[in-house]
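Now for the letters of each chain:
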Amino acid sequence: MELTGKQNIWKDYQKEIADDKYFYVRSCVRQNFFPGAETTFLRILKDELHKDIYEHPCHTTCTGIGYHGDVVPFDTAMTVIARQFALMTEAGYENLVPSCVTSFGLYSEVLETWHHFPEVLARVREHLRKATGREFNIPKNVAHASDVIFKFRNEIAQKAKYKLINTATGKPLKVVEHIGCHYSKMFPAKGVGGAEFPYVLIGMVEEWGGEVIDYPERRHCCGFGFRQYLVQANRGYSIGCSHKKFESMEPYEPDMIITNCPGCPMFLDKWQYAISEMNGKTYGKNGQGIPVFTFEEVAGLVLGYDPWDIGLQVHQVSCEPILDKMGIKYDPATKYLGKNGKYLGVPEKPSVLKD
Amino acid sequence: MADFGYKIQEDRQINYDSNDRTLFYFLKRVEPSISLCIGCGTCSATCTAGQFTQFDLHKIMLYVRRGEKVHIANEIKKCMLCGKCSLVCPKGINTRNIIFQTRKFIHSNK
Amino acid sequence: MSKSVIVIGGGIAGMEASAYLSAMGFNVTLFEKDEKLGGHLLNWERLFPTKRLGSEVLTFLKKGMDDKIKVHTNSNITKINSENGKYFVTNDNNEIFEADALLITTGYDLFDARRKEEYGYGIYDNVITSAELETMFLSGKPIVNKQGKVPKRIGFVHCVGSRDRKVGNVYCSKVCCVTAVKQATEIREHLPECETYCFYMDLRMYGAKFEELYNEAQEKYGVTFIRGRLSEANETIDGSLLVKVEDTLVGRPLKMTVDLLVLMVGFEPSKGTKDIAKILNLSTNSNGFIEVADEHTLTNVTNLKGVFVAGTTTSPRTITNTINDARAAAAEIACYLNLYTIQSRNN
Ligand code: SF4
Ligand code: SF4
Ligand code: SF4
């Protein structure tokens, strides 16, 4: 594989990412899926990079899940999004940073629609005015949270306590990167590196010492797909997608998977359990599965944050093999202690997947 | 094994790497004209069986070529061997013989 | 004193038109940007549909080029002025040449396959273009992939950069279907054990003996044709490529690994064509090629008096058609310079 070929494509897809004064909008599902990811992002931006990042207590879902699940019409979605912009305008910010890839895709879709159809924008302004009395400005810059971490990957590397390196062998960890479909498949120019060879996660992994694996089904969807997963009868389709990816990445023996979307890490993590229970197959070494992380969690690990502080105890596939490989110190005894020191309880052991 | 109320969905792709194409190689040997098919569908359009059943000769020939064997044995029975397909084929393929030979192959491989 | 013609572009059309114009008694000056005359023909081993050697055609073209033709190779045109029906052409040596008529034969460039990102050309080791396969044939070296392995299965992807709105080229490049069929059969001759697959949308076998070559490819050479356009190619762990395509005839998606994937790159107006169009203010058509005054009757005439075109400068075409077109352009120019009355039709 010719890396220079990829670099040439990456050059074609550079996007502008604001460097400070962010208005952060959380995902509606990520706090349940991976509770430490978003707080880790805020901690990195505030404490490590000393950025001005603000969250409004009144912001809501972008309706992306409802929109992609066919229950929220586009006009409603646009008006809800207009309200987020109004909150941002009121708070005096211009740079929007959504945590969720689907939100990011939907914000991009809405802005693109308004750009091409100003009459739709006028209508939405009217709707919002009638419903809430609010006015809004269009954001100056929209960057996904992974874009922001990508932008500051070198700064993070400079502060790094650990690297994506197997300390026992000295070799880079082999990392599978998985990009959420809505990050750039709809608007390739809006993603760092475009749609076919997105660079946003690769940039982080390489900067932090790891080595990225390019496997044949890299571009395939994780299978979440909203309607696929939300309807139980369709879940076979959803898990089939993840299964296809695992089968395809298996020969490369990846050490870990890094993702930038709410759904992908959830499904790539949990489906490993379901697959193992259904057909007895696991993908990592020693029956432990391939650990799956969000980019914020990986950044947190690199910066030396306590793994239990960034929420790694709620992962299905155990994170310990990676912690050990990276030489990260952790206290097994505190794994299931909550932030308040109270015992959270230990999850039931799967019958196949080892921890 | 656990029952979650759903299963890992079967892959729908034609797996060209693992499919068995022995029937096609057999037909190529005994009726080389099969290679000339361009899937124009004239045979299917004229086919008597095709007017009343799902039987579709040009598609069956494709399934044979790709090594997709699932329905072939059942489907090929539906042909009435009238020979109209051979009459109309623009590529002059001996479709009737292909059907004969396919049946023979399936029969002898039972 | 006999009238003079400047021909810009020393490929097939430029050479053949120069030969005819010189034979008719005109003073001909031919400019070529590269070191050698012959254009793309220099890089092609064998020609469809007969598989005769490209070098034979080149030899024929050279024989037509008499000593009177002034050939300037390694020469680019930087400026063209016109005054009183005369053209003054400046090259990058700052030499100025005068002519009564210009013939533009700057031709085509092959589509840059990197623009079809999903096929991974320039990234995956074993994705190559039809031109690179031809270079392998020309070199006479054994056909191997990047890993030095003899390929067991080769895929040919038709219409790369042609008939594709996404890359901005809606037109058919006309020669790549039959080139794929030719190359697939040649692979079978070089490597009888190697399976060959053509992934096509339509097979455009319109020329004399094209259909015969296609029949031969199917029956004699066992080339398999799959009607479907590749959605993507991905490198596998051993450097082979997993391709995904809709098998439209079966009506289902298909995947397959191939050891070498050959992209049948189409034609685009060459950089030279675009540059000259800009310098002269020549009209271009919606595909970016030079616009002709009439698609049916004035195919060598442009929007500028005294400026003529031939060959792939106006649209993709075969070598046969390029040679014919060059001769037609020579006749058209002769009519113009000699003021034959038939010229009056053009107005
Ligand atoms: S799931 Fe398939 S049909 Fe739907 S958007 Fe993605 S590619 Fe298109
Ligand atoms: S000649 Fe064939 S491969 Fe080339 S553009 Fe036309 S249809 Fe496509
Ligand atoms: S078949 Fe699909 S890819 Fe091809 S033109 Fe139609 S919609 Fe587009």
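Computed from a predicted model, the values in this text were never measured in an experiment. (Residues numbered from 1 in each chain as written. Chains lettered and ligands numbered in written order. Predicted model: local features only at pLDDT ≥ 70, side-chain atom pairs only at ≥ 80, totals over all residues. Heavy atoms only, no water.)

With 24 residues of chain C at the contact, the number on the chain B side is 23 residues. Overall, the association of chain C and chain B removes approximately 2100 Å² of surface from exposure, summing both partners, and the carbon and sulfur fraction of that is 45%. Considering only the surface of chain C that becomes buried against chain B, C:Val250, C:Arg252 and C:Lys255 emerge as the three largest contributors, covering 32% of it. One can count four salt bridges joining chain C with chain B. The salt bridge partner of B:Arg66 is C:Asp247, with a shortest N-O separation of 2.2 Å. Here chain C and chain B share twelve residue pairs in polar contact (both at pLDDT 80 or more) between them. It is strand S17 (residues 252–258) of chain C that provides the largest number of residues to the side of chain C that touches chain B, a total of six residues. (Contact = heavy atoms within 4.5 Å. Buried area = accessible area lost by both parts, 1.4 Å probe. Salt bridge = Lys/Arg side-chain N within 4 Å of Asp/Glu carboxyl O. Polar contact = N/O pair within 3.5 Å; in protein donor to acceptor, adjacent residues only side chain to side chain. Helix = DSSP H or I, 4+ residues; strand = E, 2+ residues; numbered from the N terminus.)

Residue and element names in this part refer to chain C. With respect to spatial proximity, the complete set of residues near ligand 2 consists of His158, Cys159, Ser162, Arg163, Cys172, Ser173, Lys174, Val175, Cys176, Cys177, Asp202 and Arg204. Elements represented by at least two residues in the shell around ligand 2 include exactly strand S12 (153–160) and helix H4 (176–190). Residues of the shell around ligand 2, tallied by class, amount to five nonpolar, three polar and four charged. (Near = heavy atom within 4 Å. Nonpolar A, V, L, I, M, F, W, Y, C, P; charged D, E, K, R; others polar.)

With that out of the way, let us pick up the sheet that holds strand S2 (residues 53–54) of chain A. All names here are of chain A. If you walk across this open sheet you meet the four strands as S2-S1-S3-S4, and the pairing is parallel. Pairing within the sheet leaves two strands with one partner each, and these edge strands are S2 and strand S4 (141–142). Of the strand pairs in this sheet, strand S1 (residues 22–25) and S2 are connected by two bridges, and their pairing is parallel. Bridging from a neighbouring strand, tyrosine 22 pairs with isoleucine 53 of S2. Against the sheet, helix H5 (residues 74–91) contacts S1, S2 and strand S3 (95–98), and its axis sits at roughly 145° relative to S1. The sheet strands contacting helix H6 (residues 101–116) are S1, S3 and S4, and the helix crosses S3 at an angle near 140°. (Pairing = 2+ DSSP bridges. Axes fitted to C-alpha atoms, helices over the stretch in contact; angles between N-to-C directions.)

Right, let's get into the packing of aromatic side chains. Applying the stated rule across the entire model yields 31 aromatic pairs over all chains. For the pair A:Trp114 and A:Phe136, a centre-to-centre distance of 5.6 Å together with 35° between the ring planes defines the contact as tilted. Linking A:Trp114 in helix H6 with A:Phe136 in the loop between helix H7 (118–132) and S4, this pair joins segments that are 22 residues apart in sequence. Using a relative accessible area of 3% as the deciding quantity, one classes A:Trp114 as buried. The class of A:Phe136 is buried, set by a relative accessible area of 3%. Each residue in the set A:Phe224, A:Phe267, A:Trp271, A:Tyr273, B:Phe4 and B:Tyr6 is aromatic and connected to the rest through ring pairs, giving one cluster. The cationic tip of A:Arg219 hangs over the ring face of A:Phe197; the distance from NZ or CZ to the ring centre is 5.2 Å. Positioned over the ring face of B:Tyr16 is B:Arg21, at 3.9 Å from the centre of the ring. (Phe/Tyr/Trp six-rings, centres within 6.5 Å; stacked < 30°, edge-to-face > 60°. Buried < 20%, exposed > 50% of the residue type's maximum accessible area, 1.4 Å probe, protein only. Lys NZ or Arg CZ within 6 Å of the ring centre and 35° of its normal.)

Take helix H2 (residues 54–64) of chain C next. Regarding H2(C), the residues found buried are C:Gly54, C:Val57, C:Leu58 and C:Leu61. In an axial view of H2(C), the angular spread of the buried residues amounts to 100°, which keeps them on one side of the axis. (Arc of directions from axis to C-beta.)

Residue and element names in this part refer to chain C. Spatial strand order, S5-S2-S1-S9-S20: five strands in an open sheet with parallel pairing. The open sheet has two edge strands, strand S5 (70–72) and strand S20 (307–309), and neither has a second partner. Each strand axis lies, on average, 20° off the axis of its neighbour in the sheet, ignoring direction. Sheet analysis places strand S1 (residues 4–8) next to strand S2 (residues 27–31), joined by five bridges and oriented parallel. The residue of S2 that forms the bridge with valine 5 is valine 28.

Okay, a nonpolar patch on the surface next. All names here are of chain A. Taken together, the side chains of Leu337, Tyr343 and Val346 make up a nonpolar region of the molecular surface, amounting to roughly 310 Å² of accessible area. Relative to the elements of secondary structure, leucine 337 occurs in the segment after helix H16 (320–326). We classify leucine 337 as partly exposed; its relative accessible area is 33%. (Patch = residues over 30% accessible without salt bridge, like charges linked within 9 Å, V, L, I, M, F, W, Y side chains within 5 Å. Areas by Shrake-Rupley, 256 points an atom, 1.4 Å probe, with all protein chains shown as cover.)

We now examine the interface of chain C and chain A. Each partner contributes to the interface: chain C provides 17 residues, whereas chain A provides 18 residues. When chain C packs against chain A, close to 1500 Å² is buried across both sides, 49% of that on carbon and sulfur atoms. Ranking the residues of chain C by area buried against chain A places C:Glu117, C:Ile123 and C:Ile237 at the top, with a combined share of 41%. Put simply, chain C and chain A have three salt bridges between them. A:Arg219 serves as the salt-bridge partner of C:Glu232, at 4.0 Å between the closest nitrogen and oxygen. Counting every contact that joins chain C to chain A gives ten residue pairs in polar contact (both at pLDDT 80 or more). Of all the secondary structure elements, the ones that give two or more residues to the side of chain C that touches chain A are strand S15 (230–235) and strand S16 (241–247) of chain C. Residue contributions to the side of chain C that touches chain A peak at four residues, all from S15(C).

This next bit is on the domain arrangement of chain C. Reports often express the size of an interface as the amount of accessible area lost when the parts come together. Residue and element names in this part refer to chain C. In terms of domains, chain C is made up of domain 1 (4–107 + 270–346) and domain 2 (113–267). Taken together, the contact pairs 15 residues of domain 1 with 26 residues of domain 2. When domain 1 packs against domain 2, the two sides together hide about 1700 Å² of surface, and 68% of this comes from carbon and sulfur. Sorting the residues of domain 1 by area buried against domain 2 places Trp44, Phe48 and Lys51 first, and these three jointly supply 36% of that buried surface. One can count one salt bridge joining domain 1 with domain 2. We note a salt bridge from lysine 51 to glutamate 189, for which the minimum N-O separation is 3.3 Å. Our enumeration of links across domain 1 and domain 2 arrives at five residue pairs in polar contact (both at pLDDT 80 or more). Among the residues making up the side of domain 1 that touches domain 2, the classes are represented as seven nonpolar, four polar and four charged. (Domains from an automatic or database assignment.)

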